[in-house]
Amino acid sequence: MMEAPAAAYGVEDDGDMEAEEAGRDMEAWERAYADDRSWEALVEDETGLLQAQDKVQQQRQHRRRVQASSGLHIQRGIIRYLYLIIDLSRAAAEMDFRPSRLAVVANCVEAFIREFFDQNPLSHLGIITIRNGIASRLTDLSGSPEAHIKVLRGNLECAGDASIQNALDLSRSFLCQVPTYGHREVMLIFSALGTCDPGDVLESVRNCKEENIRCSVVGVAAEIYICKLLCEKTGGIYSVAMNEAHLKELVLEHVAPPPALAEAAVASLVKMGFPQRGAEGTIALCACHREVKIGGGYTCPRCKARVCELPTECFICGLTLVSSPHLARSYHHLFPVPVFEEVPLDAKFSGIQELSKVCYGCQQLLPLAGSKVTGVRLVCPRCNKHFCFDCDVYIHESLHNCPGCESFCEPQT
Amino acid sequence: MDILNNIESSVGNKHLLLYIMWDLADDVSLVIVVVDVNPYFWVEKANASTGTSDIDFEQFLQHVLAFMNAILLLNHMNYLAVIATGSDSCSFLYESLAGESVSDGEGKPPSKRMNKHHTPSAKIVRGLKDFVSKELAFKTERKDNGKRYSLLSGSLSMALCYVQRILRQDPPHPHPRILCFQGSPDASQQYIAVMNAIFSAQRLMVPIDSCMVGSQHSAFLQQAAHITGGIYMKPPHPEGLFEYLMMVFATDLHSRRFLQLPRPTGVDFRASCFCHKKTIDTGFVCSVCLSIFCKHHKECSTCGASFSQNKSSFVTGQKRKLSTN
Amino acid sequence: MPRLRVVSRATFMDMVASLPASKLDRLYDSHWTCQAILRSLTPLAKQYVMRMLYIDAPIPNKSLQEWVLPDATVKHKVAIDKLEQLRILVDVSERKKEVTYRLNPKLQNQLRSVLKSGGGIPRDPMPSSIVARLPTATELENYAIQQWELVILQLVNSASGEGPTAPLNKFIQHIFQKAGLLTSRENETTSRITEAGFQFLLLERSSQLWQIIREYVSAAEERGLDNGELIGFLLELGFHIVGEPYNMNTLTGMQQKAVEELAILGLARVQQGMKDRWFIPTKLAASLSTNLSESSSWQPTEGFVVVETNFRVYGYTSSKLQTETLRLFVRLEYQLPNLVVGSLTKESINSAFASGINAEQIISFLQKHAHPHVAPKVPTVPETVSDQIRLWETDRNRLQLLPAYVYEDFPSMDIFQAVVAYARDIQGLLWEDASTRRVVVRGELHEDVRSFLHRQNTASSQRK
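Residues numbered from 1 in each chain as written. Chains lettered and ligands numbered in written order. Predicted model: local features only at pLDDT ≥ 70, side-chain atom pairs only at ≥ 80, totals over all residues.

> Just to check I follow, could you spell out unusual backbone geometry for this structure?
Trans peptide bonds make up most of the peptide bonds, and negative phi angles are found at most residues other than glycine. Look at Asn132(A): it is not a glycine, yet its phi comes out positive at around 55°. Following the sequence through the fold, Asn132(A) ends up in the loop between β4 (124-131) and β5 (134-142). (Helix = DSSP H or I, 4+ residues; strand = E, 2+ residues; numbered from the N terminus.)

Right, here's the structure in full:
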């Protein structure tokens, strides 16, 4: 059905002009329907109800889209330090998005922050706003999503002009202090159509490049040259939103860690401790606040000092303390589940085994040739177990384990 | 158009929908029981048994079956699914839905009808017999005796797929929870898979309860209970297992807000290293991919990044300012 | 406005609880009723029963209290009270020292045996070789719904004034009359639907079912049947497998009679074979035991109504009952095989009000029967529509009659204003007009105002 625009808009589209020529005599909303021809996807079923397209087709399309977006196994710089710059100039108050650009952007940013920490547990994020031509830091680089969202909610009024240079300089001054193994990024959500700078903005762009800061921009209004240049120079992505839903999609695209540029982060081994959590109700002296605390708390494995929260550095011996689940949240990037393949229903599947009746994961009936169950049947290339479409989506998007591969024992090496 | 859009988004973002907090206004539950039936473990336990204070597999099974009957007794709408974890395979032994749709078209009609009238316990026991004989066949086929762990990650993954299927149905759904009966020790090579399952359970808001029947604690399941808000318990008197089950694990999610339940006694947050699968409390972490190693390496075996020889770079915590070369 | 006698599921259990102790104890002779009653309890009460199941010694109330968190003591009390009412917990305190409880030993033994054996079914279904032709699941469901709608349609038909199309079943008529849904005047040939009857039509099916069943049970008592046994059988019925045939000969005479009557309601289907008779429980029977507990969200409602902001109502239904129910407050415009279209107009809503239905009932009907496509939306019924329905209702109540007192000829503006202020303070001011110095005050506050005026007078005279 409605295919999401695959390419980021505004970066490279020569063909777009012609399409626009052709559609000139139609209103924008008419064009949306003309391109789509969504009514053709409607099928009448035996009871006379309208069904939105064949289920099998729909599922295939979804899978194709997902596969297209998931590239090969890329090395990702997972400890990210990202400054999120939000343009709160008066352009953000415009009402072309409903209810206003500002409200829509705020919504997207909230979703982005939550997703960001979900997928990048060890990363840090800070917020900078531009208002009246001045950039100001709203929150420091830190790891707590709720704190960011709370501060952001209390700071949502817009005025004056936007200044890209001020924002870049400010974020650079903070980002150049982060450890070298961290991956430095700036993400700008830009509503204005121009920038009002105190000096040469190109100078700031060059500085960002030197400091290995990757800058990406999501445009709310229209494509502008300076943003395009900024992204090109620093290796970021520039995209411009067409509507509210598209904006959200574009913003959330930046949640997944970017492919680490080989030279961007110096690889290093960091020594870390994985402390144990104490029993509820025990009393101990904590090293961070120098107070007696009851319950909870973690013990540094090296010097046995007690700390209250993770991640932190041990206050006695300086060891970096993390909770291992924190690290483990990102391992699914490293060991992705292989993409499942579709099994043709009519052809005798490889002739050896009979098709299993139920999905290996959820025990739901699987489609067979001539059976009433519709949908696609999928097979894991590694363990040859069969799955239904819904389990496929769940396994690849949330679980990140193949139940089949996990439930038989590999010969020991 | 709206309807089309809705369908589109419901296909794409099903997992997002599941974030929606459902209210726990009633006690209708889906309990997925994951039973460790690893023959290596139970045989060893029987050999090492000291007598009175321990239970063998038969007693254990009786207690668990009575518990499952209790779950089904508590509410007409309760769902139950039982997954057996072995050392070579995992499989569903029983699921409440099977009678309705799955067994359709399976076998001949008369046997299907008889099937319907068997009690759940009978079905579970029959499924278990098949499963154990298969496991033993694997065991004899394989000559090495060293391997003792169970495929916990596999059965957790299956349990979550099943939960997710129930949540896909039209609301209202039962409130799902997973209960693991675990005896065999943790297998550190399953670390990543188990953690993935735990996080997914957390996102689905499915608590993972654990009842340890072996002699040692499980760091995996302690973390699971901690992260998903489940209950972890190692009964001090295994022979009275049923009492513990009724007092603690029969409690539905609704009642858990009102009842006193055992509090966690510390959680083992140790990780296992990627190179030797050892459980460690301090280690080296690759800054590119976060892989954990127990020793200093020149190169990351997971992502291939080569680490600088500068000692100060991995003894962090001191000044982070690095010389540029 | 007459209050609707809403009979919810809980009150059925209240009815059970109100049985005399000997009858209650007899109920616990069957483990089916034990199970059904256990399932009808609140979650917390269930947990208590489970926890005490294998404890033989009496437990002091104090230790029971330690089971709950400090902020849940209210829930705890409710649960314990309910358990005591149903004689599941028996007070065994010796002397007046300390309250101690233990489980009803009968119930305890029954439930223990259930845990051991694992439930099962009350009686074996008949082998398929004897039974002639069994209805398929959908046939059976259609049958049940058809039967049920037929019953309710009798009520609707007496509403439309055409008189019953089919001769009204005496048994059902009796129940309707007993429940106060139909008038039961001797001199009338056909009884008419009452306001409660109209309201009954708008309830969900499960509530309707329970109301009927409740009246049925209490009617049984009048007919000289043992209501304890009947309740026991009703509770047991839910454990039979839907769609399986059960031999009538396994039932007692009273139960056979009950099944035949329940068949009229669509709870079971009775079939006659060569020499045996058997009954087949339907989904409605199964839903009896499901709806016993208070988890009300678990009733499967099959929504069919879409309401648009322009007051159009689309009902995706081919059922006559649902169409007729909609007709109570919707002006139907056209009807297709699976769809009726109508609109909510002031006239149609007013006629509904006239027959005793109120705005909230209409709105909740529309919400509860919302089509699955609109059900997830908030709000399911557009606000403009629900507000308008409420406004129309308040329109009817524009005039309110209140006994009141008029005060006039105030000697001075000061006193007038003081009285107005005082009347406002005690919330008795209905109307005031400064130019003519008149105040109207609620009748019941007359004495207060008078004594206030008195005090004012004496005060002002003293000042002079």
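Having seen it, we continue.
> Is there a simple way to think about the interface of chain B and chain C in this case?
Often, the extent of an interface is quoted as the loss of accessible area on bringing the components together. Taken together, the contact pairs 31 residues of chain B with 31 residues of chain C. The set of elements that each furnish at least two residues to the side of chain B that touches chain C consists of α4 (57-74), α5 (109-117), α6 (120-141) and α10 (241-249) of chain B. Of all the elements, α4(B) adds the most residues to the side of chain B that touches chain C, at six residues. Per-class residue counts for the side of chain B that touches chain C are 16 nonpolar, ten polar and five charged. (Contact = placed C-beta atoms within 7 Å. Nonpolar A, V, L, I, M, F, W, Y, C, P; charged D, E, K, R; others polar.)

> Please clarify how the packing of helix α9 (residues 170-178) of chain C against helix α11 (residues 205-222) of chain C should be interpreted in this entry.
How two helices sit against one another is set out by the angle between their axes and by the gap between those axes. All names here are of chain C. Two numbers describe how α9 lies on α11: the axes approach to 9 Å, and their chain directions differ by 100°. Between α9 and α11, the angle is such that the two are roughly perpendicular. Of the residues in α11, those touching α9 at His 174, Ile 175 and Lys 178 are Ile 212, Glu 215, Tyr 216 and Ala 219. A breakdown of the residues in the contact of α9 with α11 according to their chemical character gives four nonpolar, one polar and two charged. (Axes fitted to C-alpha atoms, helices over the stretch in contact; angles between N-to-C directions. Parallel < 35°, antiparallel > 145°, perpendicular 65-115°, else oblique.)

> Just to check I follow, could you spell out the environment of Pro179(A) for this structure?
Tracing the chain through its elements places Pro179(A) in the loop between α6 (164-175) and β6 (183-190). Along the primary structure Pro179(A) and Tyr81(A) are separated by 98 residues, whereas in three dimensions their C-alpha atoms are 9.3 Å apart.

> Help me out: how do you make sense of the sheet that holds strand β13 (residues 298-299) of chain A in this one?
Each strand in a sheet pairs with its neighbour through backbone hydrogen bonds, running either in the same direction (parallel) or in the opposite one (antiparallel). As summarised here, the arrangement of the four strands in space is β14(A)-β13(A)-β10(A)-β7(B), forming an open sheet in which the pairing is antiparallel. With partners counted over all chains shown, the strands left at the sheet margins are β14 (306-307) of chain A together with β7 (265-267) of chain B, one partner each. Alignment of β13(A) against β14(A), held across two bridges, turns out to be antiparallel. Counterpart to Tyr298(A) in the pairing with β14(A) is Val307(A). (Pairing = 2+ DSSP bridges.)

> Can you walk me through the nonpolar core in this structure?
Looking at soluble globular proteins, one finds that nonpolar side chains tend to be buried together. Counting 228 residues, the largest nonpolar core has Ile32(B), Val34(B), Ala70(B), Ile83(B) and Ala159(B) as the members making the most contacts within it. The element best represented in this core is α4(B), accounting for eleven residues. Counting contributing residues, this core receives three or more from each of domain 2 (272-332) and domain 3 (337-405) of chain A. Sequence-distant contacts of Val34(B), that is, excluding residues within four places in its chain, are made with Ile83(B), Thr85(B), Ser155(B), Leu156(B), Ala159(B), Ile178(B), Leu179(B), Cys180(B) and Phe181(B). With 55 residues, the next largest nonpolar core counts Phe116(A), Val186(A), Cys208(A) and Ile224(A) among its residues. (Core = buried A, V, L, I, M, F, W, Y, C linked by C-beta atoms within 7 Å. Buried ≥ 20, exposed ≤ 12 C-beta atoms within 10 Å, placed from the backbone. Domains from an automatic or database assignment.)

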